[in-house]
Structure formats: structure tokens, C-alpha cells
Amino acid sequence: MFQDWLRKHRRPIFWLTLILIIFPFVAAEFFMGSPGPPGVIRDQMGPIAMIGDEAVSREEFQQVLAQEFQRRAQFGEDVTYEDLVRTGAAMEMLDGLIRRAALRKNAREAGYSFRRDYLQRLLQQDALFQDEHGRFDRERWNEVVRQPDIPWENLYQEIEQQARQDLALQRALASARVVEPEIREEFERENTYLTVRYVEIEAPVDLTEEEVRAHFETNEEQYYRPAERRAEFARISLAPPRPELADELAERARDGEDFAELAETYSVGEEADEGGDLNWILLDEEALPAERAVLLDMAPGDVSDPVGDFNRYSIYFMEDEREDEETGLREVHVRVIEIEGALDPEEREALEAEAEALVEAARESGDFAAAAADAG
């Protein structure tokens with residue numbers, strides 16, 4: 001295999017790559033007289049590695065080398081490029097870039113996509129929206145959401161790209177095999193369990209009530225139990241009804257209208273310009289997002305009912321199917337139309353006013369359950 005050939009000749013290939021990358025550094029340092037570790041030189045010779053159509057550029061490698069120099073300089077280390085090669089650090093950085101490129105390629109080809117509410121939950125797990133106890137801080141989240149100048153679409157695209165890579169990495173790790181003897185030895189050491197029989201004999205404890213009480217009073221903070229509180233809540237949904245357009249488009253597609261043209265005209269999804277094309281999707285029940293579970297029961301030519309919740313609904317059209325050569329699982333070529341629902345501003349104001357009235361009624365009466373029942 002090509003990877004085996006690379007592994008066999010990795011050292012001469014690495015030295016050739018390093019010469020091609022470091023020489024511009026040294027030349028730039030000589031002609032421009034810049035002190036300290038060289039800066040990043042723009043890529044003039046194309047990529048240093050290709051994983052399919054995913055490139056690892058010289059500029060990427062130069063950047064990680066420069067970052068390593070800066071990191072070591074913070075700790076007072078004065079290292080050269082030869083030091084990084086001799087210790088294997090440079091090879092590890094290059095291997096890391098190659099693995100990262102392979103992961104980007106696998107994630108892109110897998111065609112994973114995620115619903116907006118799932119991406120929102122991932123964003124809410126960011127440390128920015130956690131309190132000091134690691135719990136979700138809704139007030140902090142609402143404060144950020146109200147900001148008008150945040151590029152949400154770009155942010156969610158970045159989160160979805162990272163989610164694709166994480167899922168691709170999980171699938172890759174799930175099928176990993178131990179091949180090198182050293183790795184096998186480490187694997188066996190970490191996953192070998194021993195069954196041990198033993199007898200535990202506790203020394204008799206004879207304490208007086210006064211001694212127990214004295215210990216408690218001295219270490220009372222260890223036995224502190226926080227007060228228990230009971231919370232009641234009422235929920236007034238702001239979810240808009242399913243748009244009539246979603247059902248209308250599903251029927252029009254079933255009646256023979258071109259699904260791709262309908263997607264280009266009406267869909268709000270990222271794939272609208274490509275006629276809603278989601279490419280090939282592997283029907284792996286464990287990895288398939290819940291909103292796409294409808295695909296498991298579809299056949300080529302089928303159009304699904306609108307599926308989704310809250311404010312986004314999806315209509316799927318299955319164009320073709322085949323068997324994945326590696327996994328033997330079913331793989332389908334799918335298009336999608338995504339329709340967003342929205343509450344009328346007046347309806348939203350009325351619901352918010354209803355919520356405020358419920359809060360005021362509960363405060364006045366002191367009986368939240370009764371106030372909620374009166375509000376329906």
C-alpha cells in the first residue's frame with residue numbers, strides 16, 4: 001500500500017521535505033537579517049503532501065515550526081532546526097499535519113450534516129456559556145444571543161465542520177487495529193486485567209458518643225448537606241406551527257415536479273444552490289442523526305413527509321442506493337428541501353405577554369400551580 005511505502009521511506013522523504021521548507025527560512029534570514037527563529041514564508045512551491053485532494057501546504061508546516069520555536073523560547077530553550085529533527089519533534093509535527101488533513105478529507109467525504117438545534121447544543125457546551133460549576137448559564141447565553149453583530153451562520157458552519165471531524169475520528173478509532181509490536185505491547189498492558197482474591201479485615205472501632213460528636217463538630221464542613229429545594233415550572237411554547245409550504249412541496253415533489261428545482265427555489269439549507277444535494281449518505285444506524293432516521297425506511301424515488309421540530313423542517317428525496325464496499329452497509333444518494341417556520345411578531349408578543357401574566361399571577365397568589373392551571 002502507498003502508506004506502507006511512505007512508512008518505509010519516511011526518513012529520506014522527510015529530509016527532502018525539510019530541506020525544501022527550511023532553506024527559504026535560512027535564505028530569508030540571511031538576506032533580510034531577521035534575528036531569532038525565521039518567520040513564515042508564503043507557499044511558493046505547492047503542497048508538501050497530498051491526502052487524496054486534501055493538501056498539506058509548506059506554509060502550514062512553517063507555521064507549526066515557528067509556533068514550536070516560540071513555545072520553547074518562552075521556557076528559555078534555544079533550539080535549532082537540527083535539534084527538532086534529531087529529537088523527532090519535526091517529524092511528529094509533520095505527521096500531525098498529515099493526520100489532520102486525512103481527517104478533514106474523511107469528514108468531507110462522509111457527508112455528515114447536523115440539525116441546527118444539535119449544533120446549538122454543542123455551542124452551549126462551550127466554556128463561555130458555563131458557570132463556575134460547569135453548568136449551562138442561560139442568562140449568559142441569552143445575553144450573547146441578543147447581540148446583533150454576531151455572524152451566526154459562519155459560527156455554526158465552523159461548529160458543523162468540527163462536529164464532522166469529531167464523528168469521522170470516532171469512526172476511525174472504532175475500527176483501529178494494533179499493528180506495531182510496541183503498540184501491541186502498550187495496548188495489552190493497558191487492557192490486561194487481573195482477578196485478585198483478598199480478605200479485608202477491619203479493625204474493631206470502639207468510640208464513645210462524645211468522641212463521635214467532637215469529631216463531627218471539628219469536621220462539620222465534611223458532613224454538610226445542602227438544603228433541598230423543589231422547583232415548579234410552566235412552559236409556554238414559542239415553536240411555530242409546521243409551515244403549510246412544507247406539506248405543499250412534499251406533495252408537488254410526489255406529483256412529479258423536479259425536486260432539485262424545488263430545492264433551489266424554496267430551500268433555506270446550505271445545499272440549496274446545488275439542488276439540495278447531500279451526496280451519498282451511509283445508513284449507519286449508530287452514527288445517523290435522529291432527524292435522518294426516516295431514510296432507513298425509504299427506497300429510491302421516495303419523497304418523505306416533512307420531518308423536524310421547532311422551526312426547521314426537512315423533506316428528503318432518495319435518488320439512488322448502493323452498498324458500501326468497505327462496510328457492506330447501505331449507502332443512499334439524497335436531496336433535501338429545508339423549510340423554516342416562524343411565528344408572526346404579533347403571535348410572539350401575545351405569547352410573551354401570556355408568560356409575563358402567568359409570572360405576575362403566581363407572585364401575587366403565591367400558588368404557582370394554581371396560576372399555571374388558570375393560564376391553561
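Before reading on, note that the structure itself is shown above.
Residues numbered from 1 in each chain as written. Predicted model: local features only at pLDDT ≥ 70, side-chain atom pairs only at ≥ 80, totals over all residues. Heavy atoms only, no water.

Caption draft 1: Expanded view of a nonpolar patch on the surface. On the surface, Leu194, Val196 and Tyr198 cluster together to form a nonpolar patch covering roughly 420 Å² of accessible area. As for its position among the elements, Tyr198 is in the loop between helix H9 (181-190) and helix H10 (209-218). Assessed through its relative accessible area of 64%, Tyr198 is described here as exposed. (Patch = residues over 30% accessible without salt bridge, like charges linked within 9 Å, V, L, I, M, F, W, Y side chains within 5 Å. Areas by Shrake-Rupley, 256 points an atom, 1.4 Å probe, with all protein chains shown as cover. Salt bridge = Lys/Arg side-chain N within 4 Å of Asp/Glu carboxyl O. Helix = DSSP H or I, 4+ residues; strand = E, 2+ residues; numbered from the N terminus. Buried < 20%, exposed > 50% of the residue type's maximum accessible area, 1.4 Å probe, protein only.)

Caption draft 2: A look at the pattern of salt bridges. This structure, assessed with the given rule, holds 18 salt bridges. Taking the shortest distance from any N to any O, the salt bridge between Glu68 and Arg71 comes out at 2.8 Å. Highlighted residues: Glu68 and Arg71, both in helix H3 (residues 58-74), separated by three residues, approximately one helical turn. Residue class for Arg71 comes out partly exposed when judged on its relative accessible area of 41%. As a salt-bridge pair, Asp247 and Arg242 come within 2.8 Å of each other at their nearest N and O atoms. Note on Asp247: relative accessible area 31%, which makes it partly exposed. Among the ionic contacts, a cluster of salt bridges with common partners joins Glu68, Arg71, Arg72 and Glu77.

Caption draft 3: How the structure looks around the packing of aromatic side chains. According to the stated counting rule, one finds one aromatic pair in the structure shown. Centroid distance Phe259 to Phe317: 5.3 Å. Interplanar angle 25°. Geometry classified as stacked. Here Phe259, found in helix H12 (residues 259-266), pairs with Phe317, found in strand S5 (residues 312-323); they are 58 residues apart in sequence, far enough to count as distant. For the residue pair Phe259 and Phe317, the accessibility class agrees, reading buried in each case. Taking NZ or CZ as reference, Arg322 lies 3.8 Å from the ring centre of Trp280, over its face. (Phe/Tyr/Trp six-rings, centres within 6.5 Å; stacked < 30°, edge-to-face > 60°. Lys NZ or Arg CZ within 6 Å of the ring centre and 35° of its normal.)

Caption draft 4: Examining the nonpolar core more closely. Phe61, Leu84 and Met93 are the most contacted members of the largest nonpolar core, which has 16 residues in total. When residues in this core are grouped by element, the largest group, six residues, is from helix H5 (residues 89-110). Apart from the residues within four sequence positions on either side, Leu84 is in contact with Leu65, Glu68, Phe69, Arg72, Ala89, Ala90 and Met93. Counting twelve residues, the second-largest nonpolar core is a separate cluster that includes Ala253, Phe259, Leu262 and Ala263. (Core = buried A, V, L, I, M, F, W, Y, C linked by side-chain atoms within 4.5 Å. Contact = heavy atoms within 4.5 Å.)

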